[in-house]
Protein chains: 2
Amino acid sequence: MTNQQFKKNNIHAPQTKDKSLRIIPLGGLGEVGRNMTLIEYEKKILIIDVGLRMPEEDMPGIDFIIPDTTYIEKRKNDVLGIVFTHGHYDHIGAFPYLIKKIFRNNLKIFASGLTKGIILKRQTDFLDQPKLNIQEVRDGSKIQLGAFKIEFFKQNHSIPDNMGLLIETPIGNILHTSDFKFDNNPVNDSPTNFNKLKQLSERGILLMLSDSTGAEEEGHSLSEKDISENLEEIFKKSNGRIISATFSSLLNRVQQLISLSEKYKRKVCVEGYSMKSNIKLSQSLGYIKAKKETFIKTKNAKDYPDNRVTVLCTGAQGESEAALMRITSKEHRFLRIKGGDTLIFSSSVIPGNERTVQIMKDEILRQGAKVYHYKMMDIHAGGHAKKEELEEMLKIMKPKFFMPNHGQLSMLFAHAEIAKKIGISPKNIIVAENGQVISLSANKVFIEKKRVPSNYVMVDGLGVGDVGEIVLRDRKMLADDGMFVIITVVNKQTGKIINSPDIISRGFVYLRESKNLLAETRKKTLAVIKKTTKTGGATNWTYVKNQLRNEIGRFLFTKTKRRPMVLPVIIEV
Amino acid sequence: MTNQQFKKNNIHAPQTKDKSLRIIPLGGLGEVGRNMTLIEYEKKILIIDVGLRMPEEDMPGIDFIIPDTTYIEKRKNDVLGIVFTHGHYDHIGAFPYLIKKIFRNNLKIFASGLTKGIILKRQTDFLDQPKLNIQEVRDGSKIQLGAFKIEFFKQNHSIPDNMGLLIETPIGNILHTSDFKFDNNPVNDSPTNFNKLKQLSERGILLMLSDSTGAEEEGHSLSEKDISENLEEIFKKSNGRIISATFSSLLNRVQQLISLSEKYKRKVCVEGYSMKSNIKLSQSLGYIKAKKETFIKTKNAKDYPDNRVTVLCTGAQGESEAALMRITSKEHRFLRIKGGDTLIFSSSVIPGNERTVQIMKDEILRQGAKVYHYKMMDIHAGGHAKKEELEEMLKIMKPKFFMPNHGQLSMLFAHAEIAKKIGISPKNIIVAENGQVISLSANKVFIEKKRVPSNYVMVDGLGVGDVGEIVLRDRKMLADDGMFVIITVVNKQTGKIINSPDIISRGFVYLRESKNLLAETRKKTLAVIKKTTKTGGATNWTYVKNQLRNEIGRFLFTKTKRRPMVLPVIIEV
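Residues numbered from 1 in each chain as written. Chains lettered and ligands numbered in written order. Predicted model: local features only at pLDDT ≥ 70, side-chain atom pairs only at ≥ 80, totals over all residues. Heavy atoms only, no water.

Peer 1: Any details on the overall build of chain A? Residues and values, ideally.
Peer 2: A tally of helices and strands in chain A yields 16 helices and 25 strands. Counting only contacts in chain A whose residues sit at least 6 apart along the sequence, the fraction spanning at least 24 positions is 72%. Surface summary for chain A: the accessible area is close to 24,100 Å², and the carbon and sulfur share equals 49%. The averaged location of the 64 negative side-chain charges in chain A is 4 Å from the averaged location of its 89 positive side-chain charges. (Helix = DSSP H or I, 4+ residues; strand = E, 2+ residues; numbered from the N terminus. Contact = heavy atoms within 4.5 Å. Areas by Shrake-Rupley, 256 points an atom, 1.4 Å probe, with all protein chains shown as cover. Lys, Arg positive; Asp, Glu negative; His and termini not counted. Charge placed at Lys NZ, Arg CZ, Asp CG, Glu CD.)

Peer 1: Tell me about the relation of the copies chain B and chain A, residues and numbers included.
Peer 2: Overlaying chain B with chain A gives an RMSD of 0.0 Å, the required rotation being 180 degrees about an axis along which the chain moves by 0.0 Å. Such a combination of rotation and displacement between the chain copies is what one expects of a two-fold axis. Taken as a fraction of all interface residues of chain B, those also at the interface in chain A reach 100%, which identifies the copy contact as same-surface. (Least-squares fit on C-alpha atoms with pLDDT ≥ 70 in both.)

Peer 1: If you had to explain the sheet that holds strand E5 (residues 79-83) of chain B to someone new, which residues and values would you point to?
Peer 2: All names here are of chain B. Strand order in the open sheet formed by 8 strands is E7-E6-E5-E3-E2-E1-E19-E20, and the pairing between neighbours is mixed. For this open sheet the edge positions go to strand E7 (134-137) and strand E20 (445-447), each flanked by a neighbour on one side alone. The sheet shows a mean angle of 20 degrees between the axes of neighbouring strands, direction not considered. Taken together, the 3 bridges between strand E1 (residues 21-27) and strand E19 (residues 438-440) define a ladder with antiparallel strand orientation. Paired with isoleucine 23 across the two strands is isoleucine 438, which belongs to E19. Here helix H4 (residues 95-102) sits on the sheet and contacts strand E2 (36-41), strand E3 (44-48), E5 and strand E6 (108-112); the angle it forms with E5, its principal contact strand, is near 165 degrees. Packing against the sheet, helix H5 (residues 113-123) makes contact with E6 and E7, and its axis sits at approximately 115 degrees to E6. (Pairing = 2+ DSSP bridges. Axes fitted to C-alpha atoms, helices over the stretch in contact; angles between N-to-C directions.)

Peer 1: Please give an account of the side chain of histidine 380 of chain A that cites residues and values.
Peer 2: All names here are of chain A. Counting through the fold element by element, histidine 380 comes out in the loop between strand E17 (370-373) and helix H12 (387-397). Here arginine 253 takes part through its side chain, which lies 2.8 Å from a polar atom of the side chain of histidine 380. A distance of 3.4 Å separates a polar atom in the side chain of histidine 380 from the backbone nitrogen of serine 348. Among all residues touching histidine 380, those that are not within four sequence positions of it are Leu222, Ile227, Leu250, Arg253, Ser346, Ser347, Ser348 and Tyr374. (Polar contact = N/O pair within 3.5 Å; in protein donor to acceptor, adjacent residues only side chain to side chain.)

Peer 1: Residue-level account of the side chain of asparagine 353 of chain A, with values.
Peer 2: Residue and element names in this part refer to chain A. Position of asparagine 353 relative to the elements: it lies in the loop between strand E16 (342-345) and helix H11 (354-366). Exposure remark for asparagine 353: the relative accessible area of 19% places this residue in the buried category. For asparagine 353, the side chain forms a polar contact with the side chain of glutamine 317, separated by 3.0 Å. (Buried < 20%, exposed > 50% of the residue type's maximum accessible area, 1.4 Å probe, protein only.)

Peer 1: Can you explain the pairing of strand E11 (residues 172-176) of chain B? Please cite residues and give values.
Peer 2: All names here are of chain B. Counting buried positions over the 5 residues of E11 gives 5, a clear majority of the element. Hairpin connection of strand E10 (residues 163-169) to E11: 2 residues between the antiparallel strands. In this sheet, strand E12 (residues 207-211) lies alongside E11 in parallel orientation, the contact comprising 3 bridges. The residue of E12 that forms the bridge with histidine 176 is leucine 209.

Peer 1: Can you lay out the nonpolar core for me, pointing to particular residues and giving the numbers?
Peer 2: Judged by nonpolar contacts, the single largest core of 57 residues is most densely connected at Ile47 and Ile82 of chain B. Residues from two domains meet in this core; each of domain 1 (3-219 + 382-464) and domain 2 (224-373) of chain B gives at least three. By size, the runner-up hydrophobic cluster in this structure holds 56 residues, among which are Ile72, Ala111, Leu260 and Ala381 of chain A. (Core = buried A, V, L, I, M, F, W, Y, C linked by side-chain atoms within 4.5 Å. Domains from an automatic or database assignment.)

Okay, structure coming up:
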């Protein structure tokens, strides 16, 4: 980028050649979700998104994972402001945790109308939250935050009011795509404005950060119009109720299902807390359009003929507490699956949920309904650009430097390959990881040696970050083979055992059918204690307990080939 | 089926019109794996396959699930014999458990050469197994078992020596496809013999049981020849080591990788217990062909240039103990991933393993290797016929009655749709479930009212069937929020508490950082005991413990929003 360009762009050229800007991803790289990126210049920090992600399979009991924000907590006065791209939880979900740590008066926060609405609604679910002043932005809005001038531009995605960012900085322009797809026929939204994208490109893009979630998928994402047409086919054919499950955050899909229901004279019952509250909020803000009389209470659905009813519900991932699972398992207050029903799963299955969804689908078939899912026909489109669109975006923006954003490492690498293919030099492409510090100047991009903290911070109930490796390891061990507590009471003075050891065990064997094993274990316990205490002098109870743990553990393994967590307790009275 | 046909087929027509035969699936319907089917006629039972399956996600600690064989255990003298279709564990894996229960002298067992070899090898992993006399069959073999005359015919699959069954019965012919695909260019195997299939069909098929695993997949399965060609492309391009992970039971793929290594002058190191023993066994039986000098010990691989080495290993599913995971996590004795390596995942990802495989793939990329997997190019073909082939099989066999076999309920339904499409009357199609009894006569097929036991029998270590609902529920509860044991010692005579309650907790909170919570819980415990025992008279300790469980549980939930398993222990001394 030349000085010429900087002048044209009406921003200051860097004062010294090596004056650099730093990009610090705290989340979203090498993972799907938990998106949070810092941009730092002269010690001042701009925050983009504060998302959460779902736990991995080996994290039992964990609700979700949020970014480690240590780096900014210590420097809250350096935070220029927070900018949100859109209202999905992987971009806003960790905000209530962060804001408690870095809040100060006049902290600037920017979000589009719907995103703001979703953030404020979520704040009400948390205690002790500060009162926020979120400034609303829209397509074309420009704001100044310290040395950064940010222009918001609309990007198509699966939720309305999604904003990409053009960030003018003293060393050049950074383009942040947000999550995006190109859609010439979206629902409830205007088509991708390629002219606008080209105008942004003409201002010169030093660095582009672009959504990599779809970088391993061939071709072009489906248009929402195609999805609508396929869904309409199902509406035409269905003579009974339509029960449609999708993510409550997939607001464009929710709109389609409501519009089709209206067209085919069906009333809509909404089931599931998040579905209800998202529809209510989006309606009140004008992002979902529906006639008032379209919605009926579920308990009144029985008063309408089956072919006049649509149920719009959560639970397409087989979540155990969600509406669809309660309906399927016959625990729902008003709804049961019946012959003639048509079930539409209008969402993809998140990796890891396949087996649960399969079991639910089978159960629905067993109860006599027809099932449509995205593998059978195109009734779901993801919100993320695939290879063709990513290539197109790169060709439009022609960034000097490129950093694949948002996604598993394999997706970032795949995105980097696309950039190489269109001619970006490999040395200008940065595949980074969370916590790395990417140093950017007008002529160079590289990863600094030092990192900032970017650990998983696990949320479990009210606890944030208090469940660590040890607690998780214990949970996994307990899950695999259960636990086995042996309690022995000894006389403080004599060291003699007072009563037969008590055994408390859960998740190991069915105790009632294991009386012999328990009796043998008691005998073994007495023998171990006798052996380890007979040396005379003061007893080393820690040693005795260690011996008990090892020997009883070994004994139980020999008998069962299971390794329950053995916890010996010795009480002196 | 007319009497005319029965004569032509050289089997006896039924003596009375309503004399019927019964098909009893004990496993494999409504699930993938655990295949086991009984065919019963005049109280005599033929057993086809005795498979196992992997546990579901909500079954922590379970090794696998086997069929409930109660129905035959009571009637072992009625068992005519056991027939195996092929050597995959979902068809033979539960055999060591079953055989201990129904063994008698002269029990007849039939399997092809490779299948027999795998079964006998597996028997050596178990204690107290009877000595077996398995009779070897091959393509075209005919055997008589009571009223059943069985002809074995070769079917293509992902393992050699796979046999479909034509079972002549007194009421008509039953065709059991085994797992199959049509392949005109298989590896290490002859192409599908369509003439033979047509000859079988000409004998008249009363009922067909056909593999439904691929019934939801469009099109035709890939030929192994295409896979070979794509794998060869990778071999041509690779300048470093090739590390190739697949299922050890996918013997045809294993052969391809060995043959390609030989062609490209690479030595092969075999890693992983099951991979080593399967290759050794198959080589000794002639089912895998390789030069002796092709194989080298892994510790000697360093003596060869990288482009002369192939590592053939287990672990493509991200199994934590398998070879590839040990290599990736730098725990392998001799192997580390390095720049220049090419990783080939030549298998699909089993639903439920996606996230684990993704994490492993990312780690391999991080360590600098290239990664190829089946989503990027066709380097894996499943062993199961897809829609086109299933339709073709139905058209060839023209069965009067049709019962989709092997697969989730959604697959069975999809297979039934294919049968309807080619003109089989819906009333002649039976979508059955495990434990149902399908009554078949020459003119009618229906599901009887009574069922036979077909529960999940869970294997955990040495225990078979001893882990039930309660143990599993406890494990899940322990996994989610851990456990919390409170031990109080009281004086037997006075009922007074002797010492401050002891607390043992794991998987709940990090105890060192929760001193206040523990102190409060102790106080609360004393208060509850005081309150519940103050009524005078003999203390009802069960009542006290229930109160403690409830009140402490509630207290901990208020403080943490977690629900550990609370276990109060009161010891009287």
